[in-house]
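# Structure at a glance
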Protein chains: 2
Amino acid sequence: MNPDLASERQTASFSVEKLTAWLDGGVEHTRIRRAVVEAIECDPVFSRENQYFQSQNERYEAAVRKAVHLQKKMHEMGWTENGPEFKYIYRALSGDIAFLLHRIFTRSISVLGSNKQIAKWIPLATQFQLIGSYAQTELGHGTYLQGLETTAVFDITTQEFTLNTPKISAMKWWPGDMGRSATHTVVFAQLYIHGKCYGVHPFIVQIRSLQDHSLCPGITAGDIGPKMNFEHVDNGYLMLQNVRVPRENMLNKFCEVQPDGTYVRWGSQKINYFTMTTVRISLIADEAVIPLMKACTIAIRYSVVRRQSKLKPGEQEAKILDYQTQQEKLLPSLAAAYAFHFINDYLQELFDKGYKEIQRKNFDTLPELHAFSSGFKAMVTQYCTSAVEICLRACGGHGYSLLSGLPSLYTRIVASCIYEGENTILLLQTARFLIKCFMAASAGQPVPPSVTYLAAVKPGKCPATNTSDFLSPDIYTEAYQHVAVRLTGSTAAKLQDLIQSGVKKHDAWNQCSVQLVQAAKAHCHYITVKNFAETVEKLKTKAGIQKIMKHLCDLFALHGIFSNGGVFLHDGYISGAQMDMVTASYLDLLAVIRKDAVPLVDAFDFTDKSLNSALGSYDGQVYQRLYEWAQKSPTNKQMSPAYERYLKPLLHNTLSKL
Amino acid sequence: MNPDLASERQTASFSVEKLTAWLDGGVEHTRIRRAVVEAIECDPVFSRENQYFQSQNERYEAAVRKAVHLQKKMHEMGWTENGPEFKYIYRALSGDIAFLLHRIFTRSISVLGSNKQIAKWIPLATQFQLIGSYAQTELGHGTYLQGLETTAVFDITTQEFTLNTPKISAMKWWPGDMGRSATHTVVFAQLYIHGKCYGVHPFIVQIRSLQDHSLCPGITAGDIGPKMNFEHVDNGYLMLQNVRVPRENMLNKFCEVQPDGTYVRWGSQKINYFTMTTVRISLIADEAVIPLMKACTIAIRYSVVRRQSKLKPGEQEAKILDYQTQQEKLLPSLAAAYAFHFINDYLQELFDKGYKEIQRKNFDTLPELHAFSSGFKAMVTQYCTSAVEICLRACGGHGYSLLSGLPSLYTRIVASCIYEGENTILLLQTARFLIKCFMAASAGQPVPPSVTYLAAVKPGKCPATNTSDFLSPDIYTEAYQHVAVRLTGSTAAKLQDLIQSGVKKHDAWNQCSVQLVQAAKAHCHYITVKNFAETVEKLKTKAGIQKIMKHLCDLFALHGIFSNGGVFLHDGYISGAQMDMVTASYLDLLAVIRKDAVPLVDAFDFTDKSLNSALGSYDGQVYQRLYEWAQKSPTNKQMSPAYERYLKPLLHNTLSKL
């Protein structure tokens with residue numbers, strides 16, 4: 001154990017084990033999680049040891065191997081999809097596994113298929129008699145589903161749909177598991193009957209032979225090539241030329257083409273949005289918060305092991321975490337990891353409630369849930385991405401080595417800002433909801449509980465009179481609320497002014513969109529701060545933990561005010577003098593939290609294998625590990641052919657010329 | 001030609017060719033640059049076509065091949081190191097070449113070596129009778145040179161130095177060209193004579209045989225393994241065990257160990273800082289501004305080809321650049337690329353002047369030059385890195401494909417925030433200079449010309465009364481100046497208060513460091529805005545260009561105020577009402593500049609080969625190129641062994657079970 005790291009653990013102000021259990025939701029959850037991690041990590045098939053040395057082809061092969069092996073493992077361990085272990089498996093594998101789109105394929109049939117279709121396809125999928133994918137996005141079309149160009153024309157004579165890719169921009173592009181693995185996929189295409197377009201519908205299409213995996217007639221498919229990360233996924237392309245599927249292959253829970261070509265639609269399609277909504281919520285923990293927790297663990301452990309320059313003359317070089325500038329990079333990121341862990345709990349609860357309502361056919365909460373899932377997906381992924389980048393850069397050169405684990409965390413998390421809804425578009429969805437609610441509230445109409453605060457437009461001033469006032473959650477939560485109301489209100493006013501001055505509605509919306517995005521962010525930031533404060537409040541019986549969580553909550557809130565001061569100062573709600581108090585409180589907190597920084601990341605309870613980092617191991621043997629690991633790199637496996645081919649002739653030719 | 005891209009070029013408000021020539025510094029420079037680019041790009045050895053598909057080993061080999069070939073090419077073309085073509089070669093190769101550290105090796109001998117050493121080693125290096133590297137950084141030591149642990153002990157009996165790596169943290173780590181290529185290196189080590197330490201000195205050490213390239217006795221060396229980018233560079237590690245070099249191998253322009261062990265020091269070492277200073281300045285263009293220009297070119301061309309959702313009901317899907325939120329991502333980044341191109345010109349001029357003074361043994365300007373090079377290196381690399389990331393994310397999923405070129409630009413530029421001085425440390429250097437000058441100015445003492453503004457502390461208010469006032473360079477330049485003075489002044493005051501209240505000087509410095517960094521950034525931002533405005537002012541005779549440059553200057557300045565409002569609002573210099581004017585002016589400008597966005601990136605004059613991007617080509621054939629390129633990926637070369645090994649057993653086993 002590196003003594004510089006060990007010493008950090010001796011002075012923890014709280015019990016790390018108790019904090020871990022609390023974060024997990026109880027000791028029993030911690031026990032189950034650790035059992036899953038242990039079972040996965042002791043199995044060599046799941047090893048990620050050589051990951052940073054592997055090519056895209058090797059990563060893909062390993063992901064398929066793991067996915068196949070996982071089927072055996074689950075059977076062997078008695079884990080089921082509905083069991084308490086399931087949610088920890090993906091985390092334990094760090095998501096480095098194939099067939100994730102196979103699950104989306106299955107889910108889409110369960111949600112969009114008729115009972116007959118479910119009875120036919122789900123068992124085939126569950127038993128891996130086929131490998132499924134989900135082909136929605138096209139080369140030229142992402143967010144705007146109505147713009148999809150793939151066509152499915154109904155042929156009455158054969159009772160089939162003929163699917164085609166009319167032009168290159170209509171090629172399916174990005175679907176995971178499709179480039180090399182899938183035998184089947186759900187294709188979204190514009191339905192045509194008797195020359196009339198009925199909009200986008202889903203069709204089950206076989207793309208590869210179940211016997212020899214060759215492409216089916218009319219199918220062109222392959223891998224879309226190298227990406228910034230996700231080398232383990234065979235994101236694919238797909239072109240269809242007169243591919244015929246039987247009438248029963250259109251998923252028909254909500255609509256059907258009858259044998260005579262009559263188009264019938266029934267039921268509510270709203271539930272579709274709920275599926276997308278749940279995907280957005282479920283990715284927050286796995287794809288944003290956990291990666292940020294890992295990055296914080298790596299960067300903070302490294303920052304107490306790395307010594308650089310002298311803080312005090314005559315002493316040894318200082319731990320870099322003792323520099324205020326380093327604290328200012330890492331500790332707000334750490335506080336954010338906690339803040340988002342808690343907002344995730346909050347969102348899960350909200351969605352569990354919403355789901356129960358929806359099962360009772362009450363869709364009233366859908367707009368609110370959609371606004372929440374959009375806004376928080378965008379806000380959390382954006383914030384976590386920036387924070388992971390900060391962690392990477394805070395580790396200097398060693399952070400730039402793949403062996404630190406940080407580059408992979410970054411190149412992967414940045415994708416979360418784009419997939420499942422590009423963040424700017426999502427924030428505009430949230431903004432649309434806010435503006436609507438703001439107008440309703442202003443007109444005295446009822447609004448969903450999460451946005452009743454929008455009705456409370458008070459000009460007012462922040463009542464804080466000294467530095468310690470800013471350690472009061474009421475003070476800063478109200479400041480966040482004030483800003484969220486002000487930004488929503490002023491943008492709503494601008495929107496109305498533009499429309500009243502004759503600008504068309506869609507142009508007015510576009511001219512306000514930068515400010516609408518700001519308002520949506522302010523709303524999510526406010527809810528996050530409020531929820532953090534309430535979470536701390538509820539902790540009353542766990543004094544040691546409550547104290548440090550209170551500090552983190554304060555830090556998260558004050559960092560937001562400090563680094564985004566303009567919106568708080570704009571109307572004088574916070575004065576310049578008060579901003580100085582915020583700054584003083586904020587900087588003081590850094591030094592306080594710094595003392596518990598290592599215990600606070602230890603509580604995330606990542607194993608060395610799950611961090612897969614030469615900088616972040618529990619024992620802090622950074623330099624030894626970097627050296628040992630580098631020696632295993634393929635770049636050190638043998639003398640490069642470059643020597644014989646280029647270096648030797650260069651060195652020897654010139655030698656001989658002399 | 002994609003018609004959506006073509007139409008953007010028909011309405012340019014200025015001559016692209018004239019703007020290009022102006023950016024190059026005249027038509028003759030444009031001609032030379034294009035000739036170099038043409039010669040490099042038509043030579044297949046320099047092709048970067050397969051770059052995104054290559055492994056680290058392949059990238060290294062290609063870089064060596066290109067470096068060796070470049071020697072021939074230069075001879076063939078009549079290009080010399082002092083010729084006008086030289087500065088364009090690196091740019092034309094996109095820096096994707098080996099032996100860059102060989103040049104630093106040569107330069108360090110020229111600067112730190114005696115005439116005798118220069119006469120011996122420079123010809124050997126120039127003729128590639130050896131391949132050099134530069135071994136300063138250690139596994140445990142970067143910025144703080146005095147902390148280096150490698151030792152060089154003088155042995156009077158043999159008249160040699162014995163070099164050792166006493167522990168693992170002392171291992172040399174990171175030197176480029178050292179992992180696999182170099183035969184020699186300059187090792188920085190603590191000099192010991194008769195048991196007394198004389199500090200860090202440079203020694204020429206041979207590490208590999210000139211005959212068979214095997215490691216020399218006592219040498220352990222290799223490649224440090226995979227990194228986030230720079231796969232083409234063999235960054236290396238080096239351990240020394242009783243490696244003996246003759247007394248003449250210590251570079252001894254400034255100090256010498258005489259045969260009897262007497263240590264003699266003479267001359268000024270200040271010139272060393274100047275070398276580091278010039279490296280920081282020279283990387284600004286090549287490693288930060290040009291990559292940002294490329295990223296803007298790719299993202300802006302793509303944004304007029306990509307259509308997504310409807311802006312107006314009933315019309316076709318809109319070009320994504322017509323959305324205000326997309327303009328807000330890309331156009332300030334574009335304005336920044338121009339701003340930093342001009343600040344680079346400014347810095348080059350400043351350094352040319354400084355260099356002339358230094359040649360006359362006048363070192364007075366060194367502190368100012370050091371502060372400038374540190375601050376601007378940090379500010380520009382940081383800003384450009386963020387802007388490249390914005391460009392990447394603004395292209396959605398396709399930006400995430402390596403084939404877009406954007407991931408590589410990002411993973412490479414982010415390193416520029418770390419190497420040649422980590423940015424936070426550099427900004428603190430600038431801040432130290434600012435505080436010193438501020439104190440001197442306050443005491444009525446003379447200060448360097450660039451910081452005389454610090455003496456002009458006026459409380460005052462911004463005199464703007466309407467939106468268009470904020471299009472006046474005087475108005476916004478003064479606002480930036482006011483903020484820079486205020487932040488420097490308030491931090492200086494805090495520093496003094498702390499010291500007067502009994503806090504030790506180094507602790508006080510640390511407690512102010514977050515604010516010191518802010519002050520340094522504000523200073524650099526101010527100078528950049530001021531220089532942009534002055535550059536536009538000087539353009540009087542080129543009306544068409546001046547008009548659009550004025551818009552970009554306004555946009556750069558107002559974007560900074562809009563997105564960093566807190567520091568302007570803090571003391572009421574800008575009021576909330578004025579900030580609304582800033583916002584209105586800023587958003588209006590986006591729509592104005594959007595019209596010329598494509599001509600503005602065309603003027604950077606990148607060839608398709610130099611962009612190496614499926615999204616950014618001149619003809620805008622995005623989808624066709626993505627598809628063609630993806631098909632060439634190694635992931636599509638053959639059926640993956642994963643099928644026979646895992647997929648087939650999975651699919652068939654379960655089939656057979658039924």
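Residues numbered from 1 in each chain as written. Chains lettered and ligands numbered in written order. Predicted model: local features only at pLDDT ≥ 70, side-chain atom pairs only at ≥ 80, totals over all residues. Heavy atoms only, no water.

The name given to chain A in an unreviewed UniProt entry is ACOX2 oxidase, with Thalassarche chlororhynchos as the source organism. Under the heading Cofactor (unreviewed entry), UniProt records this for chain A: "FAD". Taken verbatim from the UniProt record of chain A, the Sequence similarities (unreviewed entry) comment is "Belongs to the acyl-CoA oxidase family." (UniProt positions renumbered as here; feature names shortened; annotations may be inferred.)

Quick look at the overall build of chain A now. Per the secondary structure count, chain A includes 23 helices and 11 strands. Each principal axis of the C-alpha distribution contributes one length, and for chain A these read about 90 × 85 × 60 Å. Here chain A, with 658 residues, has 62% of them falling under the buried criterion. Restricting the contact set of chain A to residue pairs at least 6 apart, pairs at least 24 apart contribute 72%. Split by element, the accessible area of chain A, about 25,100 Å² in all, is 54% carbon and sulfur. Once the 68 positive and 60 negative side-chain charges of chain A are each reduced to a mean point, those two points are 2 Å apart. (Helix = DSSP H or I, 4+ residues; strand = E, 2+ residues; numbered from the N terminus. Buried < 20%, exposed > 50% of the residue type's maximum accessible area, 1.4 Å probe, protein only. Contact = heavy atoms within 4.5 Å. Areas by Shrake-Rupley, 256 points an atom, 1.4 Å probe, with all protein chains shown as cover. Lys, Arg positive; Asp, Glu negative; His and termini not counted. Charge placed at Lys NZ, Arg CZ, Asp CG, Glu CD.)

Now for the pairing of strand β5 (residues 184-193) of chain A. Residue and element names in this part refer to chain A. Most of β5 sits out of view: nine of its 10 residues are buried. One ladder, built from four bridges, connects strand β1 (residues 132-135) with β5; its direction is parallel. Its bridge partner lying in β5, G132 is registered against H184. Bridge analysis of β5 against strand β6 (residues 196-206) gives nine bridges, and the strand direction is antiparallel. Bridge pairing in β6 places I193 opposite K196. Between the end of β5 and the start of β6, which pair antiparallel, lie two residues, with H194 showing a positive phi angle near 50°. (Pairing = 2+ DSSP bridges.)

All names here are of chain A. Relative to the helices and strands, P217 resides in the loop between β6 and β7 (219-223). On the basis of relative accessible area, P217 is assigned to the exposed category, the value being 73%. Put simply, P217 and Q206 are 11 residues apart on the chain and 9.9 Å apart in space, counted from C-alpha to C-alpha.

Counting residues at the interface gives 131 residues for chain A and 131 residues for chain B. For the pair chain A and chain B, the summed buried area comes to about 10,800 Å², and 63% of that belongs to carbon and sulfur atoms. By the criterion of area lost to chain B, the three top residues of chain A are R393(A), Y400(A) and Y627(A), representing 7% of everything that side buries. Between E422(A) and K329(B) there is a salt bridge, with the nearest N and O atoms lying 3.2 Å from each other. (Buried area = accessible area lost by both parts, 1.4 Å probe. Salt bridge = Lys/Arg side-chain N within 4 Å of Asp/Glu carboxyl O.)

A few words now on the pattern of salt bridges. Pairing between side chains becomes possible if they bear opposite charge and their charged atoms approach one another. All names here are of chain A. Counted by the stated rule, this structure contains 62 salt bridges over all chains. The partner of D554 in a salt bridge is K550, and the shortest N-O contact between them spans 2.7 Å. Here the residue D554 and the residue K550 both occupy positions in helix α17 (residues 543-563), the gap between them amounting to four residues, near one helical turn. According to the relative accessible area criterion, K550 is partly exposed, its value standing at 24%.

Right, let's talk about the UniProt feature "domain: Acyl-CoA oxidase C-terminal" (unreviewed entry) in chain A for a bit. UniProt's entry tags residues 473-651 of chain A with the feature "domain: Acyl-CoA oxidase C-terminal" (unreviewed entry), counted in the numbering of this structure. Here residues 473-651 of chain A is 77% helix and 0% strand, with 69 Å between the C-alpha atoms at its ends.

Residue and element names in this part refer to chain A. Mapped onto this structure's residue numbering, the UniProt feature "active site" (unreviewed entry) falls at E420. Examined against the element boundaries, E420 turns out to sit in the loop between α12 (406-413) and α13 (423-442). Judged by its relative accessible area of 39%, E420 falls in the partly exposed class. Once you skip the residues sitting within four places of it in the chain, E420 turns out to touch V279, R280, L283, K377 and L426.

Let us now look at the packing of aromatic side chains. All names here are of chain A. All chains considered together, the criterion is met by 49 aromatic pairs over all chains. Ring geometry for Y52 against W629: centres 5.9 Å apart, planes inclined by 50°, an arrangement best described as tilted. Highlighted residues: Y52 in the loop between α3 (27-41) and α4 (56-77) and W629 in helix α22 (residues 622-631), separated in sequence by 577 residues. Residue classification places W629 among the buried residues on the basis of a relative accessible area of 11%. (Phe/Tyr/Trp six-rings, centres within 6.5 Å; stacked < 30°, edge-to-face > 60°.)

Take the sheet that holds strand β8 (residues 236-240) of chain A next. Residues and elements named next belong to chain A. Here three strands make up an open sheet; going across it, the order is β4-β8-β7 and the pairing antiparallel. At either end of the open sheet lies a strand with only one pairing partner, and these are β4 (172-173) and β7. Here β4 pairs with β8 via two bridges, running antiparallel. The residue of β8 that forms the bridge with W173 is Y237.

We now examine the nonpolar core. Generally speaking, soluble globular proteins have nonpolar side chains that are buried together. Ranked by internal contacts, the top residues of the largest apolar core, which has 327 residues, are Y338(A), M549(A), Y338(B) and M549(B). Every residue in contact with Y338(B), bar those within four places of it in the chain, is listed here: L19(B), L23(B), F532(B), M549(B), L552(B), L600(B), A603(B) and F604(B). (Core = buried A, V, L, I, M, F, W, Y, C linked by side-chain atoms within 4.5 Å.)

Turning our attention to the sheet that holds strand β8 (residues 236-240) of chain B. For sheets, the rule is that strands pair by backbone hydrogen bonds, running either parallel or antiparallel. The strand order across the open sheet formed by three strands is β4-β8-β7 (chain B), and the pairing between neighbours is antiparallel. The two strands at the open ends of the sheet, each matched to only one other strand, are β4 (172-173) and β7 (219-223) of chain B.

Before going further, it helps to examine the pairing of strand β5 (residues 184-193) of chain B. All names here are of chain B. Here two bridges tie strand β1 (residues 134-135) to β5, and the two strands are oriented parallel to one another. Across the sheet, residue Y134 finds its bridge partner in β5, namely V186. As judged from the three bridges shared by strand β2 (residues 151-155) and β5, these two strands associate in the parallel manner. Its bridge partner being in β5, T151 is matched across the sheet by Q190.

Residue and element names in this part refer to chain A. Structurally, T528 can be placed in helix α16 (residues 513-538). For the pair T528 and F556, spaced 28 residues apart in sequence, the C-alpha separation works out to 9.5 Å. The contact partners of T528, leaving out residues within four places of it in the chain, are A339, F340, I343, F376, M379 and F556. A distance of 2.6 Å separates a polar atom in the side chain of T528 from the backbone oxygen of C524. (Polar contact = N/O pair within 3.5 Å; in protein donor to acceptor, adjacent residues only side chain to side chain.)

Time to look at the packing of helix α2 (residues 16-24) of chain B against helix α9 (residues 324-359) of chain B. Residues and elements named next belong to chain B. Where α2 contacts α9, the two axes come as close as 11 Å, and the packing angle between them is 40°. One finds that α2 runs oblique with respect to α9. Of the residues in α9, those touching α2 at L19, W22 and L23 are Y338, H341 and F342. (Axes fitted to C-alpha atoms, helices over the stretch in contact; angles between N-to-C directions. Parallel < 35°, antiparallel > 145°, perpendicular 65-115°, else oblique.)

The pair of chain copies shares a relation made of a rotation about an axis and a shift along it. It takes a turn of 180° to lay chain A on chain B, together with a shift of 0.0 Å along the axis; the resulting RMSD is 0.0 Å. Taken together, the rotation and translation relating the two chain copies correspond to the operation of a two-fold axis. For chain A, the smallest separation between a C-alpha atom and the rotation axis is recorded for G566(A), amounting to 1.8 Å. Looking at the interface residues of chain A, 100% of them are also at the interface in chain B, so both copies use one shared face. (Least-squares fit on C-alpha atoms with pLDDT ≥ 70 in both.)

With that out of the way, let us pick up helix α7 (residues 115-126) of chain A. Residues and elements named next belong to chain A. With 12 residues, α7 should cover 16 Å at 1.5 Å per step; its first-to-last C-alpha distance of 16 Å lies within 8% of that length. Residues of α7 that are buried: Q117, W121, I122 and A125. The buried residues of α7 all sit within an arc of 105° when viewed along its axis, so they share a single face. The exposed residues of α7 that point more than 90 degrees off its buried face are N115, K116 and A119. Where the residues of α7 are buried, they touch α6 (100-112), β5 and β6. Once α7 finishes, F128 follows within two positions and takes phi at roughly 55°, a positive value. (Expected span 1.5 Å × (residues − 1). Arc of directions from axis to C-beta.)

With respect to the element layout, C216(A) can be found in the loop between β6 and β7. C-alpha of C216(A) to C-alpha of T183(A): the two residues are 33 residues apart in sequence and 9.2 Å apart in space.

With that settled, consider the state of the cysteines. For the coordinates displayed, the defined rule picks out zero disulfides over all chains. Summary of cysteine pairing: C395(A) is not part of a disulfide, and the nearest cysteine sulfur, belonging to C391(A), is at 7.1 Å. No disulfide involves C437(B); its sulfur sits 13 Å from that of C524(B), the nearest cysteine. (Disulfide = S-S within 2.5 Å.)

When pLDDT is averaged across chain A, the result is 95; 99% of the residues are at 70 or more. Per the prediction output, this complex has pTM 0.97; the corresponding ipTM is 0.97. (pLDDT = per-residue confidence, 0-100.)

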